[in-house]
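# Chain and residue survey
One letter stands for each residue in the lines below.
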Amino acid sequence: MMNNTNQLKRADFIFKNENDWKEILAKNIKRSQQVLINELISSELKGRGGAGFPTGLKWKLSAEAESEIKYVICNADEGEPGTFKDREILSLVPFKVLTAMAICGHVVGAKEGFIYLRGEYFFLKSSLNQAISEFEEYCKTIHLDFSVKIFMGSGAYICGEETALFESMEGKRGEPRNKPPYPAISGYMNKPTVINNVETLAHAYTIFTYGAKRFYDLGVQYSRGTKLFSVSGDTPKPGIYELELGMSLTDFVNDFGDGDTKAVQVGGASGFLVPRKRFAETNIGYQGKLTGISLPTGGSMMLFNSSRSMYNVLDNYLEFFREESCGQCTPCRVGCQQLWIGIKAVKSGEKNALYLEKLLRLSETMQWTSKCGLGQSVANSFSSIVENFREEMIY
Amino acid sequence: MDTSTTLIKNLADQYGRSRNNLLPILQSVVKQEKYLSELSMITIAKELDISASEVYGTATFYSFLEHQKMGRYIIRVCKTITCSMKGKNQILLAIQDMLKIDIGETTPDGTFSLLQTNCLGFCHKAPTMLINNDVYTELTPEKVREVLSGYLAKAKEGENDE
C-alpha cells in the first residue's frame, strides 16, 4: 500500500503562542458583544467535546437570555475512553482557556466562571489554580470583573454530560436533566450558562487571535478548523495530534497504523467501530454519521490490529457503560446490564447466535428511549462491532 | 465532640452550608478520613440542614467517594480498553503478588488499598494507575514494584506526604 503521509494536514495552533494572552484579552474585551459573536459564528466552530453544537450560537443564545446572573463553565470532565487531549491543553496552555472564558463572560454578561475538573486530574489543580490567580490579577488591572473557580469531580463519567455536570456542581447525584430547557437559558443554578469543552475554548482563543477566516479556511465544509486527536491502541506513535478536519480514515491509518490495522474506534466507547473495509469511505468530521453522534468527547482514535479480539473490546466497553450509567432511566440502566450479560451468554453458547438480533434491537431501543447521550450512544459501538465482527461474538 | 464532628463543622464553616458545597465537603472528609462513615454523612446532613438520605444518595453516586475505610494509599489501576490491551492484568498481578491483597482489599496494616478504575486519560501511555492523586504511566511489573517500594519506604518512615 502506498504511504500517503502527506494526505494528513497537520496543524499547530493549540499548543503554540500562549504568551500573548494578555494582549488578546485586552483587545477583545474592547470589541462589542455582537462583533465577537459574529466572528465566532462565521468561523463555524463546533463543540469539540463530541456533540458538535455550533459554539457561536451557544454564546448568542446565552447572551440573549435575560438574567442578572450568568455563568461560564469549562467542561474538563474528560472521561471518554481513549481521550486525553483536554488534560494536555490545561497543562500546557491554561491561559488560552481562561482568556476564552473571560471573553465569553464579556459576551454573555457573566462574571463567574468554573472549570469542572475530573477527579482523576486532581494533580493538575494546583498549577491550574496558580494560573487562575495570575489571570485574575491581570483581569483586575484591565478592570474586567471575571473570576474562575475550579470545581472537582469525583470519578463519574456521566458528569461530562452538561446537565449532569450542573447537578454535580449543585451537590447532587450526577443525573442528567430533561432538555429543554437548554443550558444557555437554564443551566447551573437554573441560570443561563455557557458550557464549553476545554478544546472548544482553546479554538475560540485561536479565532479571537487570528480571525474567523484563518480558522474557517482549514478543514472542509461543515467541519471547519482543526481538531485535536487522541491516538492510542495499536499504533507506533500514540499521542495527541492537531489535524485538519475532513481527513479520510485510510489516510489516518496509513499514517498512524502499524501496518496491520483491523479496525479503528472513532469517538471513544460511545463512538463507532470502523472495520478496514470501510476506511476509504469514512471521513472524520461532523457531517458524516461518524463523529457527530457520540456525546461526551471528540477526537478519540483507538486502533486495533489483527491480534485483538473484538469480543473483548466490546466486553470492555459494556463493562464501562454498565458501571458509568447513572441508573436514572430504565433503558440505559437495564439495557447496559443486559447487553453485557447477553454477549457473554452468546459467547458461552448458553444462547444461540440469533440472540444477537435481540440484543441489537435492545440497543436500538436504548438509542430511542434513553434520557441522555450515554444510553443513546451505546448502540453506536454495540451495533458497529456486532454487525461487522459477528463471528467473533459467537466463536 | 469527636474529631470527625469537629472536622465536618470546620469544613462547613470553610466552604459554607449551602447544598452547592456538599461535594467539596464530602471530598475533604474522604481525604482526611479515607472514607465516609455513616456518622460523617449524618453529621454533614445536620450541618447543611438537608436529609441524611440526600447526602447518602450523593455520596454513593461518585466512585471516588469511598464509604468503606480505605488504606493510606489508594491504588487505582485503569481497566479501560487501551490499558487492558497493553497489559493491565500483569500490572494487577504484580501488585497483588507484592502486597498480598486482592482487588477491593486493604493491606492489614492499612497502608494500601487496591482498586480498579475506568479510563484515567493516559491511553497513549498505557498501562496506567493512580496512587492517591499521582499518576504512573507506561507501567511494567518491574516499574510497579519499584514505585510500590518507594511508597512502602515512605510508609515505614511515617512520612507525612498528604
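What you see is a predicted model, and the numbers here were worked out from it, not measured in a lab.

## Considering the overall build of chain B
The number of helices and strands found in chain B is 7 helices and 4 strands. Counting from the amino terminus, chain B carries its helices and strands in the arrangement α-α-α-α-β-α-α-β-β-β-α. Residues counted as buried form 54% of the 162 residues belonging to chain B. Contacts in chain B between residues at least 24 apart in sequence constitute 61% of all its contacts with a sequence separation of at least 6. Looking at chain B as shown, the accessible area adds up to about 7,400 Å², and 48% of this sits on carbon and sulfur atoms. Considering chain B, the positive charge centre built from 18 side chains and the negative charge centre built from 20 side chains are found 4 Å apart.

## Digging into empty space enclosed by the protein
Residues and elements named next belong to chain A. Overall, the coordinates contain 6 cavities of 30 Å³ or more when judged by the stated rule. What the second largest cavity holds in volume is close to 60 Å³. Forming the boundary of the second largest cavity are I158, P176, S325, C326, G327, Q328, C329, C332, K371, C372 and L374. Tallied by class, residues from the lining of the second largest cavity come to 7 nonpolar, 3 polar and 1 charged.

## Observations regarding the packing of aromatic side chains
Aromatic ring pairs are described here by two measures, namely the spacing of the ring centres and the angle between the planes. All names here are of chain A. What the rule picks out here adds up to 19 aromatic pairs over all chains. Each ring, one from Y157 and one from F320, has its centre 4.7 Å from the other, and the planes form 75°; the classification is edge-to-face. Remark: F320 occurs in helix α11 (residues 310-324) and Y157 occurs in the loop between β3 (147-152) and α7 (162-169); sequence separation between them is 163 residues. An identical accessibility class is assigned to Y157 and F320; each is buried.

## Let's talk about the layout of surface pockets
In this model, the largest pocket occupies a volume close to 1,100 Å³. What lines the largest pocket is a set of 42 residues, and nearest its centre among them are F122(A), K125(A), M152(A), Q27(B) and K31(B). When the residues that make up the lining of the largest pocket are grouped by side-chain class, the tally is 20 nonpolar, 11 polar and 11 charged.

## Structural notes on the sheet that holds strand β3 (residues 129-131) of chain B
Residues and elements named next belong to chain B. Pairing is mixed in the open sheet, where 4 strands are placed in the order β2-β1-β3-β4. Pairing within the sheet leaves two strands with one partner each, and these edge strands are β2 (112-117) and β4 (134-136). The sheet shows a mean angle of 25° between the axes of neighbouring strands, taken without regard to direction. Bridge analysis of strand β1 (residues 73-78) against β3 gives 3 bridges, and the strand direction is antiparallel. The partner of R76 across the bridge, within β3, is L130. Strands in contact with helix α7 (residues 141-157) are β1, β2, β3 and β4; relative to β3, the strand with the most contacts, it is inclined by about 5°.

## As for the domain arrangement of chain A
A common way to state how big an interface is: give the accessible area lost once the parts meet. Residues and elements named next belong to chain A. Each domain of chain A was delimited in the assignment, giving domain 1 (21-215), domain 2 (219-305) and domain 3 (310-394). Domain 1 and domain 2 are separated by 25 Å when their C-alpha centres are compared. With 22 residues of domain 1 in contact, the opposing surface of domain 2 contributes 28 residues. Of the roughly 2,000 Å² buried where domain 1 meets domain 2, counting both sides, 56% is carbon and sulfur surface. Its largest share of buried area at the contact with domain 2, domain 1 owes to R48, E80 and F84, together 26% of the area lost on that side. K227 serves as the salt-bridge partner of E199, at 2.6 Å between the closest nitrogen and oxygen. Here domain 1 is connected to domain 2 by 13 residue pairs in polar contact (both at pLDDT 80 or more). Looking at the side of domain 1 that touches domain 2, the elements that each hand over two or more residues are α4 (85-92) and α8 (198-210).

## Considerations on the packing of α11(A) against helix α14 (residues 373-388) of chain A
All names here are of chain A. Two numbers describe how α11 lies on α14: the axes approach to 10 Å, and their chain directions differ by 170°. On the basis of their axis angle, the class for α11 and α14 is roughly antiparallel. Counting all contacts with α11, which are made through M310, V313, L314, Y317, L318, F321 and E324, the residues of α14 involved are L374, V378, S381, F382, I385 and V386. Its residues assigned to classes, the contact of α11 with α14 shows 11 nonpolar, 1 polar and 1 charged.

## Considerations on the sheet that holds strand β9 (residues 261-266) of chain A
Residue and element names in this part refer to chain A. Sheet architecture is open: 5 strands sit in the order β8-β7-β11-β9-β10, paired in mixed fashion. Edge positions in the sheet fall to β8 (239-244) and β10 (272-275), since each has one partner strand and no second. Strand-to-strand twist of the sheet, defined as the mean angle between neighbouring strand axes without regard to direction, takes the value 30°. Pairing of β9 with strand β11 (residues 300-305), which is carried by 5 bridges, proceeds in the antiparallel orientation. In the sheet register, V264 faces β11, and the bridge partner there is L303. Relative to strand β7 (residues 226-233), α4 is tilted by about 120°, and along the sheet it contacts β7 and β8. Running at roughly 25° to β10, α14 makes contact with β9 and β10 of the sheet.

## Observations regarding the interface of chain A and chain B
Opposite the 51 residues of chain A that make contact, chain B presents 31 residues. Interface area, chain A with chain B, both sides summed: about 3,100 Å², of which 57% is carbon and sulfur. Scanning the region where chain A abuts chain B turns up 3 salt bridges. A salt bridge links K79(B) to E319(A); the shortest N-O distance between them is 2.9 Å.

## A short note on the pairing of β9(A)
All names here are of chain A. Of all 6 residues that make up β9, 6 are buried, and the element is covered over most of its length. Bridging between β9 and β10 involves 4 bridges; their strand directions are antiparallel. Bridging from a neighbouring strand, V264 pairs with V274 of β10. Once β9 ends, the chain turns through 5 residues before running back antiparallel as β10, passing G267 with a positive phi of about 95°.

Analysis parameters
Residues numbered from 1 in each chain as written. Chains lettered and ligands numbered in written order. Predicted model: local features only at pLDDT ≥ 70, side-chain atom pairs only at ≥ 80, totals over all residues. Heavy atoms only, no water. Helix = DSSP H or I, 4+ residues; strand = E, 2+ residues; numbered from the N terminus. Buried < 20%, exposed > 50% of the residue type's maximum accessible area, 1.4 Å probe, protein only. Contact = heavy atoms within 4.5 Å. Areas by Shrake-Rupley, 256 points an atom, 1.4 Å probe, with all protein chains shown as cover. Lys, Arg positive; Asp, Glu negative; His and termini not counted. Charge placed at Lys NZ, Arg CZ, Asp CG, Glu CD. 1 Å grid on protein atoms, 1.4 Å probe; cavity = no way out; pocket = protein on both sides within 12 Å on 5 of 7 lines; lining within 4 Å. Points joined across faces, edges and corners; volume = space filled by probe spheres on them. Nonpolar A, V, L, I, M, F, W, Y, C, P; charged D, E, K, R; others polar. Phe/Tyr/Trp six-rings, centres within 6.5 Å; stacked < 30°, edge-to-face > 60°. Pairing = 2+ DSSP bridges. Axes fitted to C-alpha atoms, helices over the stretch in contact; angles between N-to-C directions. Domains from an automatic or database assignment. Buried area = accessible area lost by both parts, 1.4 Å probe. Salt bridge = Lys/Arg side-chain N within 4 Å of Asp/Glu carboxyl O. Polar contact = N/O pair within 3.5 Å; in protein donor to acceptor, adjacent residues only side chain to side chain. Parallel < 35°, antiparallel > 145°, perpendicular 65-115°, else oblique.

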